[in-house]
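Structural overview
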Amino acid sequence: MGAIVPIKTLQRELTRVQTQFTELLKTSSIDASWYVNLALAYCEKNPKVLQCSLPSIINSLKQAASCQLPIDTIQGLAHLVPYWDRKNRQFICTFQPGYKGLVVLAQRSGRIKHIYAGVVYEGDELDVGIRDGRKYFNLIPRESSKQIIKGYAVAIFSDADYFYDYVVIDMD
């Protein structure tokens, strides 16, 4: 296993490449120095990340910056996730957008107007299908138990069309 990257070493390296963050974030309202400080705070709160190779931490932060998603524990837009690399016998840091970050990226594309997800409880009625050539999705809450039986997601596109999908949760 690789040595733990001291936070001061990470800070020094991030300061050294801060101009790259400035370039990656130039089309957003995110300030590069704020982004670097946020990343450092994230790594201090998640010390497992500091067990990753320094280049993989820097590269993951650059990937997140290129998506203009801040790495932090509060918003949950993006995360740094350590994975064990068996071949090189070290932890590798990987950028992983959170589901909220994926929603932001989808909305930022201009093709998605709104996106949401939810659950259906036993006793609720979920009515989906095609009527008059149009898809429809309708959730009718009823007196229900606390047993979740389905999960669903709905995306409303900019052209007013929409997509939905659901999954049945098998508790057996």
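Residues numbered from 1 in each chain as written. Predicted model: local features only at pLDDT ≥ 70, side-chain atom pairs only at ≥ 80, totals over all residues. Heavy atoms only, no water.

1. A closer look at the packing of helix α1 (residues 7-16) against helix α3 (residues 32-45)
Where α1 contacts α3, the two axes come as close as 11 Å, and the packing angle between them is 160 degrees. In terms of their interaxial angle, α1 and α3 are classed as roughly antiparallel. As α1 runs across α3, the sense of the crossing is right-handed. Contact with α1, carried on its side by I7, L10, Q11 and L14, involves V36, L40, C43 and E44 of α3 and no other residues of that element. For the contact of α1 with α3, the residue count by class is six nonpolar, one polar and one charged. (Axes fitted to C-alpha atoms, helices over the stretch in contact; angles between N-to-C directions. Helix = DSSP H or I, 4+ residues; strand = E, 2+ residues; numbered from the N terminus. Parallel < 35°, antiparallel > 145°, perpendicular 65-115°, else oblique. Left-handed = near helix turned anticlockwise from the far one by under 90°. Contact = heavy atoms within 4.5 Å. Nonpolar A, V, L, I, M, F, W, Y, C, P; charged D, E, K, R; others polar.)

2. A word on the pattern of salt bridges
Applying the stated rule across the entire model yields two salt bridges. Notably, a salt bridge pairs R16 with E13, separated by 2.5 Å at the nearest N-O pair. Here the residue R16 and the residue E13 both occupy positions in helix α1, the gap between them amounting to three residues, near one helical turn. For E23, the salt bridge goes to K26, with nearest N and O atoms at 2.6 Å. By relative accessible area, which is 55% here, K26 ends up exposed. (Salt bridge = Lys/Arg side-chain N within 4 Å of Asp/Glu carboxyl O. Buried < 20%, exposed > 50% of the residue type's maximum accessible area, 1.4 Å probe, protein only.)

3. Structural notes on the packing of aromatic side chains
Overall, the coordinates contain three aromatic pairs when judged by the stated rule. Considering the side-chain rings of F21 and Y35, the 5.7 Å spacing of their centres and the 35 degrees angle between planes classify their relative orientation as tilted. Of this pair, F21 sits in helix α2 (residues 18-24) while Y35 sits in helix α3, placing them 14 residues apart in sequence. When sorted by exposure, F21 lands in the same class as Y35, which is buried. Relative to Y164, the ring of Y162 lies with its centre 6.3 Å away and its plane at 35 degrees, an arrangement referred to as tilted. Each member of the pair, Y162 together with Y164, is buried. (Phe/Tyr/Trp six-rings, centres within 6.5 Å; stacked < 30°, edge-to-face > 60°.)

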